[in-house]
Amino acid sequence: MRYDLSKGTLTRLGDWMAAEQPNSRLWDGVLEMTKAAQEKGTDSLVWAMELSAILNSAGASVPSVEVAGLLVSHICWSNNIPVAWKYLEKALSIRLVPPMFVLALLSTRVIPYRWKQPGAYRLYIELVRRYAFSLPSLINGPDYQRTMTSISDILQFSQVYGFESSEPGFLIVEFLFSIVWKLLDSSLDDEGLLELTPEKKSRWSIHCQDMDIDYMDGTNGKRMEHKAAMSKTNTMLALEVIGEFLQDKITSRILYLARRNMPTQWNIFRQSIRVLASNSSSLRSSKNISPEAILNLTSDTRQVLSRDCKTSSLKHFHAATAISPLPSSAHWRGTLHSALWLPIDLYLEDAMDGSQVRATSSAETLAGLVKSLQALNQTSWQDSFLGLWTAVLRLVQREGNSCEGPVPRLDTCLCMLLSITTLAVVNLVEEEESTINTETQRSLTGQRKSIESVGKRRENLVSSLKCLGDFEGLLTPPPPVCALANQAYAKAVLHATKSVSIGHLDNLSLNDLPLNCSGTLWHLIIEACIARNLLDTSAYLWPGYVKKDLVNHPSRNISGQIPSWSSLMSGSPLNAQMVKVLVSTPANSLAELERIYEIAISGSDDEKISAATVFCGASLSRGWNIQEHTVFLIIRLLAPEIPKNFAGSESHLIGYAPFLNVLLVGISSVDCIQIFSLHGLVPQLAAALMPICEVFGSCALSMSWSMNTGEEISSHAVFSNAFTLLLKLWRFYRPPLDSGVGDVTPVAFRLSPEYLLLIHNLQLALNENPMRNPNNTAELSKQPYPSSRGPILMDSFPNLKRWHMKNQECIVSTLSGLVPGDPVHQIVESLLSMMFRKIKREPSATLPNSGNSSSSASASGTDDSSVCLKLPAWDILEAVPFVLDAALTACAHGQVSPRELTTGLKDLADFLPASLATIVSYFSAEVTRGLWKPASMNGTDWPSPAANLFMVEQHIKKIVAATGVNVPGLPIGGNSPVTLPLPLAAFVSLTITFKLDRAVDRRYLNLVGHALSNLGISCPWPCMPILAALWSQKAKRWSDYLVFSASQTVFYHSNDAVVQLLRVCFSTVLGLNSSSVASNGGAGALLGHGFGSHHACGLSAVAPGILYLRVHRAIRDIVYVTEKIVSLLMQTVKDITSSELPSEKLEKLGKTKYAMKYGHVSLAAAMSQVKLAASLGASLIWLSGGMSSVQSLIKEILPSWFISVHEPDPSSKEPRGVLPMLGGYALAYFTVFSAMFAWGVDSISLASKHRRKFLGEHLEFLASAIDGKISLGCCKATWRAYVTGYLSLMVRCAPGWMREVDVEVVKRVSKGLKQWNEEELAIALLGISGIGAMGTAAEMIIVAGF
């Protein structure tokens, strides 16, 4: 038998029917019986009974796809009469034929002929209405798999959708989608709208292609009118059926699966819906569906799959943690909502620590952090932006009250506020608008809208900035930037009054400002946003932005003769007066910077040096609106191109020595280095410094240059400036394997020259791909990337690599290998002679020697050893460890006095400042080895700390007072001597010789200062307090900083003290510490409001959060800390459930919608506290150990915790059932917080590439435990709360993650959820798990009935 099918639609069906030839007589009999019944007018029920008997006697299974194909072929179109349709409907109703298979066949035969056979199309629509929604009977049918495979063959899903799958549930989704899509395209075609769709045509066969059927005579006018009217009605009915599919509880969820997992096809479908909604007259005429309704039903924002769960506990989990809109800024001043952004506060404060630079952009990290918190907190973008701005403003206010010391201060802090944060906002806004633009370009029908009109984040940003003006307490500018804030304020006033041209607004002097001008940080933030095109100048007209009385106040005359950036752009020469102005005034635009860059590249030698000086001035430190361009261009200047006419044998860098030296000195301050770090350009800076070190370290001392100031600089000076700057970028004095306990290396110790080059090369590769460049370097300037010549390897710098290896050898093992008479030995003897040339002794006395020579140098130093001192710096550095060993040995044996040793070390540092690096490494290693006798700090041989030691002890006790940690006593008075290890005594004595009022000394002190502090903290008590006391005598204004540094020793040597500090952090942030003056908790209590003796109340306890953020880098066992944070989190949950709440708060919470009381505990309040505790714990783990600690947590620590047995506390008075549940939810939040901080909520960051592996392993653990393959030791209620809470958060906050997990694992987890009566969560989980889980999700939706 041959089926008369439309071309290109049922080819595979023909092959399938050919395989049924043995039963051809049966089907011929059925057809003959049907024709006979049709001629006799037999009742449909009688016909159906006879058909059933024939099939039963032949042993044919029912429902039968063969009978379905036979009946449809019989009707179309030789027997398109009512009785034939009645037979088909009766066969459907008593399930002799599979309904879905019949609908599939009819769609291929009826839809193309809907105009010629409108009655048949009407019947088809009615059959769709009646049977397309009866999905449970389909999946429970006997031939479910075969039926769906047959449907797929008929409708050719693999060709239409591009997916090869035989899973029946998967085919159900495709089938329903195809029905709706066919009805949509047919309706569009009926109204002549199909050409307005993106594809201009339908991908389905909706037109008849053969004309071999003899239709009725079309000349009958009335009949044609009847057909037209019926067709119009059919179109309306088809649209209403589409609406029913989109509204039905089951089919709408199945179509949602298509929307989520078939984005390309759904996008085309949605575009067609938009065309329909905009142009369809039938849709507007319908009483059952409207254009607005159908748009809402297909909107991407419509949530169809429930994010909640059936169980009451999980409903309260979602309800209690939901964030309501914030009606006014007054709500934001409360502890509750500021606590939502606590991780941002912690990250910002941690980034201010100058002891560690970062290899990646803080703007990128901050943007990812905001996105993660926005997803977790389920807040609007307006609230998220406002939370970000207020967190950074709190940082500025804390910094304004901080103590003074050799650490990043105001410039770094304002860089974070006005540059880094603004860049993070730019990333967030442009990320959304880039997506919108891409979608708009793909759409061939929608009219292009402006970015501002479609970018929701930009609109929310504007709203948040308007609200920001209400936070007056956070907007007071620090005194050093009041003038710049006033200038920003005056700019708005003058713009509003139009009293000065736009070109002069950026060059106002203080004398030009209107009277009573009082700018705030708000005005500086708005200026930063305007400069980066986040806002336009209409912001100047916002209510309250400027005072009304100033708008009408006459401004002073604008002076036009003062040199400025605009003068430079107008062609004025770069003379001394101009340089002075430009150094103190930041550039206003990239064009101005590039003008200076051009001068630095192609100007005269003097102009180049002047341009370098300008680059290192205010444009670097306070040119926030163009700061990322400034630091990037400085790196380019440090790596000049080889001149075209250069033909020398030496490096071309030698000719740039004076120019490079100005840059090296100009960017060497602590704040400048931290600015490079915040912008993520440390790897590029290191790559630019390494060639300079390699070249100038290989030059003899005889090479020198004259500066325009008259100063002479040598090759050793240029090398030392570059080398010490390079060494500030990683902890060079640390052992190479100093990774602590366990397999997780602390983040603080990972930076190395090899690692920096690795990151540099990676960023270089990303820069070549403009679609993925985390630092946006492709947009920074028209100039080429600094290292565009290709990747840089450590092997390119053999001398630097050799020094690095020797330095590591010096750290990990004692010195050996010095051979008398070799070149190194000669340099050693020459250096010793230089260091101790001033020593006056008896003629028989000798100077220190290398210990391997039988001769000793004469005291007069009349030998020719000075020749060796003119060698290249690399050669001298190789000898320095042996020099230090000989000098220290001589001091230990009384050959030289401590004072003479200190003087000799200072002479060595002055001769070659780069030797400070080896001095630091050598003394640090020798202190660690513990082979030297202690030095008595008695004031005779070595300096005495006695004058300040008591003060240091008292201040340390005050600082740690809030933690409850005991401070060991100090040896003050009595017979207890104050001692230090000899190498440490020599080291600190050397540092004391540096003069803080000398720029050179201060620059090199920044190199050794952190090393000395780190070494002192790691030494036994009371070494660090002694160091603080010694330095306090020299630098009194640093006293608070030094004492604060000394207080960290208490925690370094005691794990119990660290745990106690962490415990206080948890109790403080939650307001559970009744003894604290800040009992309300939150970021303010955790981080405090500044520290130092300059406060009105004098020196007081340091906030516990600040203490931990300064201590954690010295903690080696990060795994231990992570485990303790988990334990403390669970203990904190107990404290939350057992804490007494004020009666008025209980009364208030009792009236809330979702507040439930178990005893005296409000679940809503407890859940909020639990979430806050989880965010704190996750933040501390992420900041302490980085991504590695988070991965260790998820892979090892949490599974171990669940497997271990946790005995309940018999004395516990917590309400029964609450504690285990809250504990599970706390761990769920804790895990998701940690994962989001480490990997990001999306897949933009490089860190997200690690997520698939660890997320998959954790889901495998959950599945195995649910399956019973792993025995758990924790409470079942805790485990169930964790699993449901964790998976629910994944569905709500990170739905994209589940696509990265093996679908079979997801199916196992979903099966377990179903057994727990969590069908909605199981379906939602499957729904977000990618196309592989789509079929299982569809079947579960059908079985569950929702």
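Shown above is the structure to which this text applies.
These lines cover the structure that appears in this document, whether it is placed above or below. Because the structure is a prediction, the values reported are computed rather than measured. (Residues numbered from 1 in each chain as written. Predicted model: local features only at pLDDT ≥ 70, side-chain atom pairs only at ≥ 80, totals over all residues. Heavy atoms only, no water.)

1. Some details on the overall build of the protein
As a reminder, the rule being used: By the criteria applied, helices consist of DSSP H or I runs no shorter than four residues and strands consist of E runs no shorter than two, each listed in order from the N terminus. A 1.4 Å probe rolled over the protein chains alone gives each residue an accessible area, and that area as a share of the maximum for its type sets the label: buried under 20%, exposed over 50%, partly exposed in between. Contacts are assigned to residue pairs that have any heavy atoms within 4.5 Å of one another.
Within the protein, the regular secondary structure consists of 62 helices and six strands. Expressed as a percentage of the 1346 residues in the protein, the buried residues total 59%. Across the protein, contacts joining residues at least 24 apart in sequence account for 77% of those joining residues at least 6 apart.

2. Observations concerning helix α4 (residues 65-75)
What sets the pattern is the α-helix's 3.6 residues per turn: residues three or four places apart point alike. The element α4 is extensively covered by neighbouring structure, given that 11 of its 11 residues are classed as buried. Those residues of α4 lying buried are Val65, Glu66, Val67, Ala68, Gly69, Leu70, Leu71, Val72, Ser73, His74 and Ile75.

3. What to know about the side chain of Lys371
Put simply, the rule reads: Polar contact is defined as a pair of N or O atoms within 3.5 Å, subject to the rule that within protein one atom must be able to donate a hydrogen and the other to accept it, and that residues adjacent in sequence are counted only when both atoms are side-chain atoms.
Here Lys371 shows up in helix α21 (residues 362-377). A polar contact is formed between the side chain of Lys371 and the side chain of Glu431, at a distance of 2.8 Å. With residues up to four places along the chain from it excluded, the contact list for Lys371 reads Trp381, Leu428, Glu431, Val1241, Asp1242 and Ile1244.

4. Section: unusual backbone geometry
Here the amide bond leading from Val62 into Pro63 is cis, since omega sits at 0°, within 30 degrees of zero. With respect to the helices and strands, the residue Pro63 is situated in the loop between α3 (44-58) and α4. Positive phi, close to 60°, is recorded for Arg95, a residue that is not glycine. In this structure Arg95 comes out as partly exposed when scored by relative accessible area, which is 29%. Of note in this structure, Asn533 is not a glycine but carries a positive phi near 65°. Position of Asn533 among the secondary structure elements: in the loop between α27 (521-531) and α28 (548-551).

5. Things to note about the pattern of salt bridges
Note the threshold: One side-chain nitrogen of Lys or Arg within 4 Å of one carboxyl oxygen of Asp or Glu is enough to make a salt bridge.
By the definition in use, this model includes 37 salt bridges. Ionic pairing is found between Arg409 and Glu399, a salt bridge with its closest N-O pair at 3.4 Å. Of this pair, Arg409 sits in the loop between α22 (381-400) and α23 (410-442) while Glu399 is found in helix α22, placing the two residues 10 residues apart along the sequence. A residue is classified by how much of its surface remains accessible, and Arg409, at 26% relative accessible area, is partly exposed. Classification of Glu399 as buried rests on a relative accessible area of 12%. With its nearest N and O atoms 2.6 Å apart, the salt bridge here joins Glu628 to Arg532. In this pair, Glu628 is assigned in helix α34 (residues 627-638) and Arg532 in the loop between α27 and α28, connecting sequence segments 96 residues apart. Glu628 sits in the buried class, given a relative accessible area of 9%. According to the relative accessible area criterion, Arg532 is buried, its value standing at 11%. Taken together, the shared-partner salt bridges connect Glu126, Arg129, Glu240 and Glu244 into one network.

6. Details of the packing of helix α6 (residues 99-109) against helix α7 (residues 118-131)
Stated precisely, the cut-off is as follows: The convention used is that axes are lines fitted to C-alpha atoms, helices contributing only their stretch in contact, and that angles between N-to-C directions extend from 0 to 180 degrees. For classification, angles of less than 35 degrees are called roughly parallel, those exceeding 145 degrees roughly antiparallel, those between 65 and 115 degrees roughly perpendicular, and all remaining angles oblique. Less than a right angle of anticlockwise turn of the near helix away from the far helix marks a crossing as left-handed, whereas a clockwise turn marks it as right-handed. Only Asp, Glu, Lys and Arg are considered charged, only Ala, Val, Leu, Ile, Met, Phe, Trp, Tyr, Cys and Pro nonpolar, and every remaining residue, Gly among them, polar.
The geometry of α6 relative to α7 is characterised by a closest axis approach of 10 Å and an angle of 155° between their N-to-C directions. Comparing their axes, α7 and α6 come out roughly antiparallel. As α6 packs across α7, the resulting crossing turns out to be left-handed. Across the interface between the two elements, Pro99, Met100, Leu103, Leu106 and Ser107 of α6 pack against Tyr124, Leu127, Val128 and Tyr131 of α7. Within the contact of α6 with α7, the residues separate by chemical class into eight nonpolar, one polar and no charged.

7. Overview of helix α9 (residues 144-155)
For clarity, the threshold we go by: In this scheme, a helix's expected span is set at 1.5 Å multiplied by one less than its residue total.
The terminal C-alpha atoms of α9 lie 17 Å apart, and with 12 residues this matches the ideal 16 Å at 1.5 Å per residue to within 8%. Of all 12 residues in α9, nine are buried; the element is thus mostly enclosed. Of all the residues in α9, the buried ones are Tyr144, Thr147, Met148, Ser150, Ile151, Ser152, Asp153, Ile154 and Leu155. Phi for Gln156, located one or two positions after α9, is positive at around 55°.

8. Re the side chain of Asn948
Take Asn948: it is sitting in helix α45 (residues 946-959). Taking relative accessible area as the criterion, Asn948 reaches 15% and is therefore assigned buried.

9. Some remarks on the nonpolar core
For clarity, the threshold we go by: We call a set of buried Ala, Val, Leu, Ile, Met, Phe, Trp, Tyr and Cys residues a nonpolar core when their side-chain atoms join them within 4.5 Å.
Core analysis: the biggest nonpolar cluster contains 458 residues, and Tyr124, Phe175, Leu638, Phe723 and Trp1279 have the highest contact counts within it. Element by element, the count of residues in this core is highest for helix α56 (residues 1163-1203), at 20 residues. Once residues within four sequence positions are removed from consideration, Leu638 is found in contact with Leu660, Leu663, Leu664, Ile667, Leu685, Ala688, Leu689 and Ile692.

10. With respect to the packing of aromatic side chains
Stated formally: Aromatic rings from Phe, Tyr and Trp, taking only the six-membered ring of Trp, are treated as a pair when their centres fall within 6.5 Å; an angle between ring planes under 30 degrees marks them as stacked, one over 60 as edge-to-face, and anything in between as tilted. Criterion for a charge above a ring: Lys NZ or Arg CZ within 6 Å of the ring centre, and within 35 degrees of the ring normal.
For the structure on display, the rule yields 39 aromatic pairs. With 5.9 Å between their ring centres and 15° between their planes, Tyr161 and Phe177 make a pair best called stacked. Residue Tyr161 is located in helix α10 (residues 157-161), and its partner Phe177 is located in helix α11 (residues 168-190); the two are separated by 16 residues in the primary sequence. The residues Tyr161 and Phe177 share a single accessibility class, namely buried. Where Trp1031 meets Trp1038, the ring centres are 6.0 Å apart and the plane angle is 20°; that geometry is what we call stacked. Residue Trp1031 is classed as buried on the basis of its relative accessible area of 5%. The class of Trp1038 is buried, set by a relative accessible area of 7%. Three or more aromatic residues joined by ring pairs make a cluster, and in this case those are Phe157, Tyr161, Phe177, Trp181, Trp204, Trp266 and Phe269. Lying across the ring of Tyr1004, Arg1003 places its NZ or CZ 5.3 Å from the centre. Looking at Lys1253, its charged tip hangs above the ring of Phe1254, at a distance of 4.4 Å from the centre.

11. Quick look at the packing of helix α2 (residues 24-40) against helix α5 (residues 82-93)
The interhelical angle for the contact between α2 and α5, taken along N-to-C directions, is 125°, at an axis separation of 10 Å. Taken together, the axis directions place α2 and α5 in an arrangement best described as oblique. α2 and α5 meet at a crossing whose hand is right-handed. Taken together, the residues of α5 that come into contact with α2 (itself represented by Thr34, Ala37 and Gln38) are Val83, Ala84 and Tyr87. Looking at the contact of α2 with α5 residue by residue, the class counts come to four nonpolar, two polar and no charged.

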